[in-house]
Amino acid sequence: MGFRVSSLSHGPNHSYLFPELPKNRYNRRKSVSAERYDPEADDDDTEERVVFPKSDDQRKRLQAAVKNILIFRALDQEQMQEVLDAMFEKKTQPGEHIIEQGDDGDNFYVVDQGVYQIHVNNKNVGAYDNQGSFGELALMYNTPRAATIISASEGIIWALDRSSFRRIVLKNAARKRKVYENLLESVPMLASLTPYERMNLADALVRRTYNAGDQIIRQGDEGDGCYFVESGVVRIAMKSQVGNIKSM
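A brief structural summary. Quick caveat, the model's predicted, so the values are computed rather than measured. (Residues numbered from 1 in each chain as written. Predicted model: local features only at pLDDT ≥ 70, side-chain atom pairs only at ≥ 80, totals over all residues. Heavy atoms only, no water.)

### Quick notes on the overall build of the protein
Which entries qualify depends on this criterion: Strands are runs of DSSP state E lasting at least two residues, helices are runs of H or I lasting at least four, and both sets are numbered from the N terminus onward. Buried residues are those whose accessible area, probed at 1.4 Å on protein chains only, stays under 20% of the maximum for their type, while exposed residues exceed 50% and partly exposed ones sit between those limits. Using a 1.4 Å probe, accessible areas were evaluated by the Shrake-Rupley method; residue-level cover was limited to the displayed protein chains.
Secondary structure summary: the protein contains five helices and 15 strands in total. Buried residues in the protein amount to 37% of all 248 residues. On the protein, roughly 15400 Å² of surface is accessible, and the fraction owed to carbon and sulfur atoms is 50%.

### A few points about the nonpolar core
Basically, it comes down to this: For the purposes of this section, nonpolar cores are sets of buried Ala, Val, Leu, Ile, Met, Phe, Trp, Tyr and Cys residues that join through side-chain atoms within 4.5 Å.
Ranked by internal contacts, the top residues of the largest apolar core, which has 36 residues, are V66, F72, V83 and V110. Breaking this core down by element, the ones donating at least two residues are helix 1 (56-66), helix 2 (77-86), strand 5 (97-99), strand 6 (107-113), strand 7 (115-120), helix 3 (136-141), strand 11 (155-161) and helix 4 (162-185). Sort the elements by how many residues they give to this core and strand 11 lands first, with five residues. Judged by nonpolar contacts, the second largest core, of nine residues, contains L184, L201, A202 and L205.

### Things to note about the pattern of salt bridges
Here is the rule we go by: By salt bridge we mean one thing: a side-chain nitrogen of Lys or Arg within 4 Å of a carboxyl oxygen of Asp or Glu.
In total, this model carries eight salt bridges according to the counting rule given. Where R61 meets D57, a salt bridge forms, and the shortest distance between an N and an O atom there is 3.1 Å. Of this pair, R61 and D57 both sit in helix 1, four residues apart, which is roughly one turn of that helix. Exposure remark for D57: the relative accessible area of 47% places this residue in the partly exposed category. D112 serves as the salt-bridge partner of R61, at 2.3 Å between the closest nitrogen and oxygen. Here the residue R61 occupies a position in helix 1, and D112 occupies one in strand 6, the gap between them amounting to 51 residues. Within the structure, one salt-bridge network assembled from shared partners comprises D57, R61, E89 and D112.

### Focus on the pairing of strand 6
As a reminder of what qualifies: Pairing between strands requires that DSSP locate at least two bridges from one strand to the other.
For strand 6, a buried count of six out of seven residues is recorded, marking the element as mostly surrounded by other parts of the structure. Pairing geometry for strand 6 and strand 11, over six bridges, is antiparallel. Paired with V110 across the two strands is W158, which belongs to strand 11. When strand 6 meets strand 9 (residues 133-134), the two strands line up antiparallel, connected through two bridges. Bridge pairing links Y109 to F134 in strand 9.

### A word on the sheet that holds strand 8 (residues 123-129)
Here is the rule: Interaxial angles span 0 to 180 degrees and are taken between N-to-C directions of axes, which are lines fitted to C-alpha atoms, for helices over the stretch in contact.
Strand order in the open sheet formed by four strands is 5-10-7-8, with antiparallel pairing between adjacent strands. Among the strands making up the open sheet, the edge pair consists of strand 5 and strand 8. Averaged over all pairs of adjacent strands, the angle between strand axes in this sheet comes to 30 degrees, irrespective of strand direction. Where strand 5 lies against strand 10 (residues 148-151), two bridges are found, and the strand directions are antiparallel. What sits directly across from H97, in strand 10, is I150.

### Things to note about unusual backbone geometry
You will see that N121, though not glycine, has its phi angle at about 55 degrees, which is positive. Tracing the chain through its elements places N121 in the loop between strand 7 and strand 8. The exposed category is assigned to N121, whose relative accessible area is 59%.

### Some words on the sheet that holds strand 11
Rules: Any two residues whose heavy atoms approach within 4.5 Å are treated as being in contact.
Reading across the sheet, the four strands line up as 4-11-6-9 and stay open at both edges, with antiparallel pairing between neighbours. Edge positions in the sheet fall to strand 4 (88-92) and strand 9, since each has one partner strand and no second. Here strand 4 pairs with strand 11 via five bridges, running antiparallel. The residue bridging F88 from the neighbouring strand is A159, located in strand 11. Those strands touched by helix 4 are strand 6 and strand 11, and its axis lies near 65 degrees from that of strand 11.

### Let's talk about the packing of helix 1 against helix 2
Rules: For classification purposes, an angle smaller than 35 degrees is called roughly parallel, one larger than 145 roughly antiparallel, one from 65 to 115 roughly perpendicular, and anything else oblique. The hand of a helix crossing depends on one turn: near helix anticlockwise from the far one by less than a right angle means left-handed, and clockwise means right-handed.
Running from amino to carboxyl end, helix 1 crosses helix 2 at an angle of 120 degrees, the nearest separation of the two axes being 11 Å. The orientation of helix 1 relative to helix 2 falls into the category oblique. Taken as a pair, helix 1 and helix 2 cross one another with a handedness that is right-handed. Across the interface between the two elements, R59, L62, Q63 and V66 from helix 1 touch M80, Q81, L84 and D85 from helix 2.

If you want it as C-alpha coordinates, here you go:
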(Lines give C-alpha, C1' and ligand atoms only; values in the text may rest on other atoms or scores of the structure.)
Protein backbone atom coordinates (compact mmCIF):
# COMPACT_ATOMS: atom_id res chain seq x y z
CA MET A 1 0.00 0.00 0.00
CA GLY A 2 1.39 3.42 -0.87
CA PHE A 3 1.22 6.68 1.03
CA ARG A 4 1.50 10.38 0.33
CA VAL A 5 3.35 13.15 2.07
CA SER A 6 3.43 16.86 1.44
CA SER A 7 6.89 18.37 1.57
CA LEU A 8 8.21 21.86 2.07
CA SER A 9 11.46 21.88 0.14
CA HIS A 10 14.48 24.08 0.70
CA GLY A 11 15.90 23.09 -2.72
CA PRO A 12 15.72 24.98 -6.07
CA ASN A 13 13.00 25.55 -8.29
CA HIS A 14 4.46 19.66 -10.10
CA SER A 15 -15.54 13.59 -23.11
CA TYR A 16 -13.07 15.66 -25.25
CA LEU A 17 -13.65 18.77 -27.33
CA PHE A 18 -11.43 19.50 -30.34
CA PRO A 19 -12.03 23.22 -30.76
CA GLU A 20 -11.87 25.28 -33.89
CA LEU A 21 -9.30 28.00 -33.30
CA PRO A 22 -11.04 31.38 -33.03
CA LYS A 23 -10.00 33.88 -35.66
CA ASN A 24 -9.36 36.57 -33.07
CA ARG A 25 -7.43 34.32 -30.73
CA TYR A 26 -4.47 36.71 -30.53
CA ASN A 27 -6.42 39.96 -30.88
CA ARG A 28 -6.13 42.24 -27.89
CA ARG A 29 -9.11 43.82 -26.17
CA LYS A 30 -9.14 46.99 -24.13
CA SER A 31 -9.62 46.33 -20.44
CA VAL A 32 -12.85 46.80 -18.56
CA SER A 33 -13.32 46.84 -14.80
CA ALA A 34 -14.12 43.41 -13.38
CA GLU A 35 -14.21 41.52 -10.10
CA ARG A 36 -11.29 39.38 -9.06
CA TYR A 37 -11.89 35.73 -9.97
CA ASP A 38 -12.74 33.64 -6.90
CA PRO A 39 -12.08 29.93 -7.62
CA GLU A 40 -13.74 28.83 -4.36
CA ALA A 41 -17.00 30.53 -5.38
CA ASP A 42 -16.95 28.95 -8.85
CA ASP A 43 -18.64 25.55 -8.54
CA ASP A 44 -19.33 25.11 -12.25
CA ASP A 45 -17.49 21.94 -13.36
CA THR A 46 -19.56 21.33 -16.48
CA GLU A 47 -17.21 22.87 -19.05
CA GLU A 48 -16.02 20.45 -21.69
CA ARG A 49 -12.34 19.59 -21.76
CA VAL A 50 -10.35 21.41 -24.44
CA VAL A 51 -7.80 19.43 -26.48
CA PHE A 52 -5.42 20.71 -29.15
CA PRO A 53 -3.82 17.70 -30.89
CA LYS A 54 -0.02 17.70 -30.83
CA SER A 55 2.76 15.76 -32.49
CA ASP A 56 5.19 13.77 -30.34
CA ASP A 57 7.81 16.47 -30.89
CA GLN A 58 5.43 19.25 -29.86
CA ARG A 59 4.38 17.42 -26.71
CA LYS A 60 7.99 16.72 -25.79
CA ARG A 61 8.93 20.39 -26.21
CA LEU A 62 5.89 21.53 -24.25
CA GLN A 63 6.64 19.17 -21.36
CA ALA A 64 10.18 20.57 -21.19
CA ALA A 65 8.90 24.16 -21.33
CA VAL A 66 6.43 23.76 -18.42
CA LYS A 67 8.71 21.63 -16.25
CA ASN A 68 9.72 24.44 -13.88
CA ILE A 69 6.63 26.66 -14.08
CA LEU A 70 5.82 27.43 -10.46
CA ILE A 71 2.10 27.99 -10.96
CA PHE A 72 1.64 24.41 -12.23
CA ARG A 73 3.20 22.64 -9.28
CA ALA A 74 -0.10 22.35 -7.36
CA LEU A 75 -1.46 20.09 -10.13
CA ASP A 76 -1.41 16.31 -10.00
CA GLN A 77 -0.38 14.23 -13.01
CA GLU A 78 -3.88 13.98 -14.49
CA GLN A 79 -4.50 17.72 -14.13
CA MET A 80 -1.11 18.47 -15.68
CA GLN A 81 -1.98 16.32 -18.67
CA GLU A 82 -5.20 18.30 -19.05
CA VAL A 83 -3.14 21.52 -19.11
CA LEU A 84 -0.83 20.08 -21.78
CA ASP A 85 -3.85 19.04 -23.87
CA ALA A 86 -5.41 22.50 -23.66
CA MET A 87 -2.29 24.50 -24.58
CA PHE A 88 -1.79 25.59 -28.18
CA GLU A 89 1.38 26.56 -30.04
CA LYS A 90 2.08 29.98 -31.51
CA LYS A 91 5.12 30.88 -33.61
CA THR A 92 6.31 34.46 -33.18
CA GLN A 93 8.27 36.94 -35.29
CA PRO A 94 10.67 39.74 -34.27
CA GLY A 95 8.79 42.86 -33.23
CA GLU A 96 5.50 41.04 -32.64
CA HIS A 97 3.56 42.19 -29.57
CA ILE A 98 2.36 39.14 -27.66
CA ILE A 99 0.47 41.07 -24.99
CA GLU A 100 -0.10 44.81 -24.61
CA GLN A 101 0.00 46.73 -21.34
CA GLY A 102 -3.51 47.87 -20.38
CA ASP A 103 -5.38 45.23 -22.40
CA ASP A 104 -7.53 42.41 -21.07
CA GLY A 105 -5.88 39.06 -20.43
CA ASP A 106 -7.01 36.27 -22.76
CA ASN A 107 -4.20 33.71 -22.41
CA PHE A 108 -1.40 32.52 -20.14
CA TYR A 109 1.88 32.01 -22.02
CA VAL A 110 4.87 29.70 -21.62
CA VAL A 111 8.08 30.34 -23.55
CA ASP A 112 9.39 27.44 -25.63
CA GLN A 113 11.96 29.17 -27.82
CA GLY A 114 13.08 32.76 -28.41
CA VAL A 115 13.70 36.02 -26.56
CA TYR A 116 10.79 38.18 -25.38
CA GLN A 117 11.32 41.69 -24.04
CA ILE A 118 9.30 43.06 -21.12
CA HIS A 119 8.19 46.68 -21.47
CA VAL A 120 6.46 48.73 -18.76
CA ASN A 121 5.35 52.24 -19.68
CA ASN A 122 7.41 51.98 -22.90
CA LYS A 123 10.58 51.12 -20.97
CA ASN A 124 12.43 47.82 -21.40
CA VAL A 125 12.69 46.30 -17.91
CA GLY A 126 13.79 42.75 -18.68
CA ALA A 127 13.41 39.75 -20.94
CA TYR A 128 12.50 36.07 -21.08
CA ASP A 129 15.34 34.18 -22.76
CA ASN A 130 14.17 30.79 -24.07
CA GLN A 131 12.30 30.04 -20.85
CA GLY A 132 9.72 31.45 -18.45
CA SER A 133 6.03 32.29 -18.43
CA PHE A 134 3.86 35.40 -18.34
CA GLY A 135 0.28 36.62 -18.36
CA GLU A 136 -1.13 34.91 -15.26
CA LEU A 137 -1.81 38.01 -13.16
CA ALA A 138 -4.44 39.46 -15.48
CA LEU A 139 -6.26 36.10 -15.51
CA MET A 140 -6.07 35.62 -11.75
CA TYR A 141 -7.14 39.10 -10.71
CA ASN A 142 -9.15 40.35 -13.71
CA THR A 143 -6.77 43.30 -14.00
CA PRO A 144 -5.35 44.87 -17.17
CA ARG A 145 -2.07 43.57 -18.49
CA ALA A 146 0.75 45.01 -16.37
CA ALA A 147 3.35 44.95 -19.15
CA THR A 148 3.85 44.67 -22.88
CA ILE A 149 5.71 41.60 -24.11
CA ILE A 150 7.49 41.95 -27.47
CA SER A 151 9.20 39.15 -29.38
CA ALA A 152 12.85 40.06 -30.01
CA SER A 153 13.49 37.05 -32.24
CA GLU A 154 11.75 34.27 -34.04
CA GLY A 155 10.34 31.95 -31.45
CA ILE A 156 7.64 29.63 -30.18
CA ILE A 157 5.32 30.12 -27.22
CA TRP A 158 2.52 27.99 -25.79
CA ALA A 159 -0.78 29.52 -24.71
CA LEU A 160 -3.52 28.43 -22.31
CA ASP A 161 -6.84 30.23 -22.67
CA ARG A 162 -8.44 32.12 -19.79
CA SER A 163 -11.25 29.63 -19.20
CA SER A 164 -8.97 26.57 -19.11
CA PHE A 165 -6.43 28.40 -16.92
CA ARG A 166 -9.07 29.23 -14.34
CA ARG A 167 -10.83 25.87 -14.46
CA ILE A 168 -7.71 23.70 -14.26
CA VAL A 169 -5.04 25.78 -12.56
CA LEU A 170 -6.78 28.24 -10.23
CA LYS A 171 -9.61 26.00 -9.04
CA ASN A 172 -7.31 23.07 -8.33
CA ALA A 173 -4.80 25.35 -6.58
CA ALA A 174 -7.61 26.64 -4.35
CA ARG A 175 -8.74 23.11 -3.52
CA LYS A 176 -5.16 22.06 -2.76
CA ARG A 177 -4.69 25.08 -0.51
CA LYS A 178 -7.82 24.22 1.49
CA VAL A 179 -6.74 20.61 2.00
CA TYR A 180 -3.24 21.61 3.06
CA GLU A 181 -4.44 24.38 5.37
CA ASN A 182 -6.55 21.78 7.19
CA LEU A 183 -3.53 19.46 7.33
CA LEU A 184 -1.29 22.18 8.77
CA GLU A 185 -3.91 23.13 11.36
CA SER A 186 -3.53 19.64 12.85
CA VAL A 187 0.26 20.03 13.36
CA PRO A 188 0.96 21.17 16.99
CA MET A 189 4.30 22.84 16.18
CA LEU A 190 2.50 25.15 13.71
CA ALA A 191 -0.29 26.17 16.07
CA SER A 192 1.12 29.68 16.47
CA LEU A 193 0.88 30.49 12.76
CA THR A 194 -1.60 33.14 11.68
CA PRO A 195 -4.17 32.17 9.01
CA TYR A 196 -2.18 34.19 6.44
CA GLU A 197 1.08 32.45 7.36
CA ARG A 198 -0.65 29.06 7.22
CA MET A 199 -2.07 29.89 3.77
CA ASN A 200 1.40 30.81 2.44
CA LEU A 201 2.88 27.63 3.88
CA ALA A 202 0.09 25.58 2.29
CA ASP A 203 0.89 27.15 -1.09
CA ALA A 204 4.54 26.14 -0.71
CA LEU A 205 3.81 22.46 -0.06
CA VAL A 206 4.51 19.93 -2.81
CA ARG A 207 2.83 16.52 -2.79
CA ARG A 208 5.07 13.46 -3.12
CA THR A 209 3.83 9.89 -3.37
CA TYR A 210 5.79 6.92 -1.99
CA ASN A 211 5.32 3.15 -2.10
CA ALA A 212 5.64 0.81 0.85
CA GLY A 213 9.34 0.33 1.65
CA ASP A 214 10.49 3.61 0.06
CA GLN A 215 12.88 5.63 2.18
CA ILE A 216 11.86 9.27 2.60
CA ILE A 217 14.83 10.55 4.59
CA ARG A 218 17.99 8.87 5.90
CA GLN A 219 19.56 9.38 9.33
CA GLY A 220 22.74 11.44 9.01
CA ASP A 221 21.87 13.10 5.70
CA GLU A 222 21.64 16.86 5.41
CA GLY A 223 18.09 18.14 5.87
CA ASP A 224 16.54 19.40 2.63
CA GLY A 225 12.91 19.81 3.62
CA CYS A 226 10.12 19.28 6.12
CA TYR A 227 7.53 16.55 5.58
CA PHE A 228 3.88 16.24 6.66
CA VAL A 229 2.05 12.92 6.29
CA GLU A 230 -1.12 13.47 4.26
CA SER A 231 -2.25 9.84 4.13
CA GLY A 232 -0.84 6.40 4.93
CA VAL A 233 1.51 5.17 7.65
CA VAL A 234 5.24 5.83 7.98
CA ARG A 235 7.80 3.95 10.07
CA ILE A 236 10.45 5.91 11.96
CA ALA A 237 13.70 4.10 12.79
CA MET A 238 16.86 5.38 14.53
CA LYS A 239 20.29 3.77 14.60
CA SER A 240 22.13 3.97 17.91
CA GLN A 241 25.86 4.64 18.28
CA VAL A 242 26.49 0.89 18.61
CA GLY A 243 24.62 0.14 15.41
CA ASN A 244 21.33 -1.08 16.79
CA ILE A 245 18.19 0.05 14.88
CA LYS A 246 15.19 0.99 16.98
CA SER A 247 11.73 1.75 15.68
CA MET A 248 10.18 4.83 17.27
